[in-house]
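Single-letter residue listing:
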Amino acid sequence: MKKKLLTVAVTGALLTTGGLIPGSGTVLAGDNGANGPNYNGNETIKNERLHSYEEMADFLHKLDQRSEALELEVYGQSVKGRDLYLAKIGAMDEDKPTVLFLTQQHGNETLTTEGALQVIKHLTSNGKNVKNILENVNVLIAPRLNVDGAEGDVNFSLDDYVSGTHTRYNANGVDLNRDHVDREQPETKALHEEVLQKYSPDYMIDLHHQGTQVTLGDTGELVSGSILYPTNSEVDPEVREQSKKLGAVVYNAVESKGYGLLSKYPGGTAQTISRNGLAAEYGISTLLFEMRGMADHYREDYVLGQKSNGYLIQQAVTAMTATLEALADGSLESADPSFWDTLPESNYDGE
């Protein structure tokens, strides 16, 4: 396929269009027609409404300047020399649990970062429950690991992409979520040496996107996302159990919103993937969360237009805030992981 003709501009408004945020007519993932709200070559893709790298950096720096709760750290640089940011929020007390939220290892999986920026802003406010979270949890948010791919600033052509603005791979054409053993790329090397090894998180949610046509088993119902705990055989059983409890917290929070429908992601066992590798090497309880649809891809059936963006951003916010609250009040420990035994696995109906 050839790249579609699109207007690409930089405006920086955080995208919440579509009327799908709670309180404004939320719908289930599949309620906008037989295939749900899709791109299908008909819907405008306005990726310029997402935060560009410069806008994201400006957003983070402004919050850092006005908030005593936030410490913004540059922990490395990308292939193209862009700074990699880490938002540190909370007491940073070694006796408190530490959670890491990681977004956009893949540059075309964008809405998770939009959600993370909302969470950072919330945690620098005087909002409800914020004080309790900051007193009881060390929060690390690494928004947009693949900063070059998210800008389309790479050493290969994007002519076959739907919009030609975002790519899964870093500037060297490497999938960063397959580089957690060798760590040959500067982005993953910095993440391990300056974040994981330095701050020793206890929990991590790795936020991604998947295709648009993922269904709940063979029911035909389109899901809003899929989740999975570490499945590598070298992961300590207690780490895996805590990961499953983390999944229970996220599952219950998302499903209770009315617009969420989650399946079990059919992921592999390789340690090169962060979900497995970080759990096995560092003993971090990890959860993969795959949101529906991507901002750009060379497969049209992976790309989602604007109609679903609002509820998908909110889904990411829900997952992160529910995790923080469960860690702050200790309720994660009593979370029931038995739902995993009956959670249907994802099925993909795309071509």
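Residues numbered from 1 in each chain as written. Predicted model: local features only at pLDDT ≥ 70, side-chain atom pairs only at ≥ 80, totals over all residues. Heavy atoms only, no water.

### Comments concerning the overall build of the protein
1) Next: In terms of helices and strands, the protein carries 8 helices and 10 strands.
2) Next: Every one of the 351 residues in the protein was classed for burial, and the buried ones make up 58%.
3) Next: Of the roughly 13,700 Å² of accessible surface on the protein, a fraction of 43% belongs to carbon and sulfur atoms. (Helix = DSSP H or I, 4+ residues; strand = E, 2+ residues; numbered from the N terminus. Buried < 20%, exposed > 50% of the residue type's maximum accessible area, 1.4 Å probe, protein only. Areas by Shrake-Rupley, 256 points an atom, 1.4 Å probe, with all protein chains shown as cover.)

### Describing unusual backbone geometry
1) Next: Unlike most non-glycine residues, Q104 shows phi in positive territory, near 55 degrees.
2) Next: Note on placement: Q104 falls in the loop between β3 (98-103) and α2 (111-123).
3) Next: The exposure class assigned to Q104 is buried, which follows from its relative accessible area of 0%.
4) Next: Phi is positive for S200, close to 45 degrees, though the residue is something other than glycine.
5) Next: Among the secondary structure elements, S200 is positioned in the loop between α5 (186-199) and β5 (203-210).
6) Next: Residue classification places S200 among the partly exposed residues on the basis of a relative accessible area of 47%.

### Side note on the sheet that holds strand β1 (residues 70-77)
1) Next: Overall, mixed pairing links the 8 strands, which are arranged β1-β2-β4-β3-β5-β9-β7-β8 in an open sheet. Taken across any chain shown, the strands that pair with only one partner, and hence form the sheet edges, are β1 and β8 (262-264). Here the average twist between neighbouring strands, direction ignored, is 20 degrees.
2) Next: Relative to strand β9 (residues 285-292), β5 is paired through 8 bridges, and the arrangement is parallel. Bridge pairing links D206 to L288 in β9.
3) Next: Strands in contact with helix α1 (residues 53-66) are β1 and β2 (83-89); relative to β1, the strand with the most contacts, it is inclined by about 145 degrees.
4) Next: Contacting β5, β7 (225-228) and β9, helix α7 (residues 274-282) runs over the sheet at an angle of about 170 degrees to β9. (Pairing = 2+ DSSP bridges. Axes fitted to C-alpha atoms, helices over the stretch in contact; angles between N-to-C directions. Contact = heavy atoms within 4.5 Å.)

### Structural notes on the environment of V214
1) Next: Within the secondary structure, V214 is located in strand β6 (residues 214-216).
2) Next: With relative accessibility at 4%, the residue V214 sits in the buried group.
3) Next: Not counting residues up to four positions away in its chain, the partners in contact with V214 are E221, L222, V223, S226, S263, S346, N347 and Y348.

### What about the pairing of β9?
1) Next: Within β9, 8 of the 8 residues are buried, which leaves the element mostly enclosed by the surrounding structure.
2) Next: Judged from the 4 bridges that link them, β7 and β9 form a sheet pairing that is antiparallel. Following the sheet pairing, I227 is matched in β9 by F289.

### Some thoughts on the side chain of T167
1) Next: Positionally, T167 belongs in the loop between α4 (147-151) and α5.
2) Next: If we ignore the near neighbours within four places in the chain, the residues touching T167 are H106, G107, N108, N146, G149, V154, F156, L158 and Y161.

### A short note on the confidence of the model for the protein
1) Next: Averaged over all residues, the pLDDT of the protein is 87; the fraction at 70 or higher stands at 84%.
2) Next: Every residue in residues 1-45 is under pLDDT 50, and counting partners more than four places away or in other chains gives 115 contacts. (pLDDT = per-residue confidence, 0-100.)

### Considerations on the pattern of salt bridges
1) Next: Counting across every chain of the model gives 12 salt bridges.
2) Next: Where K88 meets E73, a salt bridge forms, and the shortest distance between an N and an O atom there is 3.0 Å. Of this pair, K88 sits in strand β2 while E73 sits in strand β1, and the two are 15 residues apart along the sequence. An identical accessibility class is assigned to K88 and E73; each is buried. (Salt bridge = Lys/Arg side-chain N within 4 Å of Asp/Glu carboxyl O.)

### Remarks on the packing of aromatic side chains
The description of an aromatic ring pair uses the distance of the two centres, along with the angle that the planes make with each other.
1) Next: A full pass over the atoms with the stated rule returns 8 aromatic pairs.
2) Next: Centre to centre, the rings of F156 and Y169 are 6.5 Å apart; their planes meet at 70 degrees, and the pair counts as edge-to-face. Here Y169 lies in the loop between α4 and α5 and F156 lies in the loop between α4 and α5, a separation of 13 residues in the sequence.
3) Next: Residue classification places Y169 among the partly exposed residues on the basis of a relative accessible area of 23%. (Phe/Tyr/Trp six-rings, centres within 6.5 Å; stacked < 30°, edge-to-face > 60°.)

### Quick notes on the side chain of Q185
1) Next: As for its position among the elements, Q185 is in the loop between α4 and α5.
2) Next: Overall, the relative accessible area of 8% leaves Q185 in the buried class.
3) Next: Beyond its immediate sequence surroundings of up to four residues, Q185 is in contact with V79, N170, N172, V174, L176 and D179.

### What about a negative patch on the surface?
1) Next: A surface patch of like charges, here negative, comprises D236, E238, E241 and E333.
2) Next: Residue placement: E333 occurs in the loop between α8 (309-329) and β10 (346-348). (Patch = residues over 30% accessible without salt bridge, like charges linked within 9 Å, V, L, I, M, F, W, Y side chains within 5 Å. Lys, Arg positive; Asp, Glu negative; His and termini not counted. Charge placed at Lys NZ, Arg CZ, Asp CG, Glu CD.)

### Things to note about α5
1) Next: Look at α5: 19 Å from first C-alpha to last across 14 residues, which is about the 20 Å you get at 1.5 Å a residue.
2) Next: Remark: the principal bend of α5, roughly 30 degrees, maps to H192.
3) Next: Of all the positions in α5, only E187, T188, A190, L191, H192, V195, L196 and Y199 are classed as buried.
4) Next: The inward-facing, buried residues of α5 contact β1, β2, β3, β4 (138-142), α4 and α7.
5) Next: Of the residues one or two after α5, S200 is the one with positive phi, at around 45 degrees. (Expected span 1.5 Å × (residues − 1). Bend = angle between axes of the 7 residues up to and from the residue.)

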